[in-house]
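Per-entry structural report
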Amino acid sequence: MRVMLRARLDTQISNEAIKNGTLPKIMQSVTEQLKPEAAYFGPGDGGRTATFVFDMEDSSQMPSIAEPFFLELGAEIEISPVMNAEDLHKGLAALQG
């Protein structure tokens, strides 16, 4: 299932991760694990955010996906199902049939 993960990083913890050089390594590791179709980084909700759109094959993957954000960056996260335009078209067409 296509999902979107949005993580709001704790400012103090991510400041330290920038200073000691671990933030790029953490983001690279997460990106390699998720293999996202899209990844965005920028400000949001008053802090640093990272947004990934990726395929989550099974809900049992949630701990391995979420824990690095919690443990290493003190992040608040949301994981939500999402659709692209093709998925939406397919879903709306199913309503007609």
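Please read these numbers as outputs of a predicted model, since none were measured by experiment.

This part covers the pattern of salt bridges. Applying the stated rule across the entire model yields 3 salt bridges. The residue Glu 37 makes a salt bridge to Arg 2 at a minimum N-O spacing of 2.9 Å. Remark: Arg 2 occurs in strand 1 (residues 2-9) and Glu 37 occurs in the loop between helix 2 (22-34) and strand 2 (38-44); sequence separation between them is 35 residues. Judged by relative accessible area, Glu 37 falls into the exposed class, the value being 51%. Asp 87 is paired through a salt bridge with Arg 2; the nearest N and O atoms lie 2.1 Å apart. Of this pair, Asp 87 sits in helix 4 (residues 85-96) while Arg 2 sits in strand 1, and the two are 85 residues apart along the sequence. A cluster of three or more residues bridged by salt bridges with shared partners is formed by Arg 2, Glu 37 and Asp 87.

Parameters and conventions
- Residues numbered from 1 in each chain as written.
- Predicted model: local features only at pLDDT ≥ 70, side-chain atom pairs only at ≥ 80, totals over all residues.
- Heavy atoms only, no water.
- Salt bridge = Lys/Arg side-chain N within 4 Å of Asp/Glu carboxyl O.
- Helix = DSSP H or I, 4+ residues; strand = E, 2+ residues; numbered from the N terminus.
- Buried < 20%, exposed > 50% of the residue type's maximum accessible area, 1.4 Å probe, protein only.

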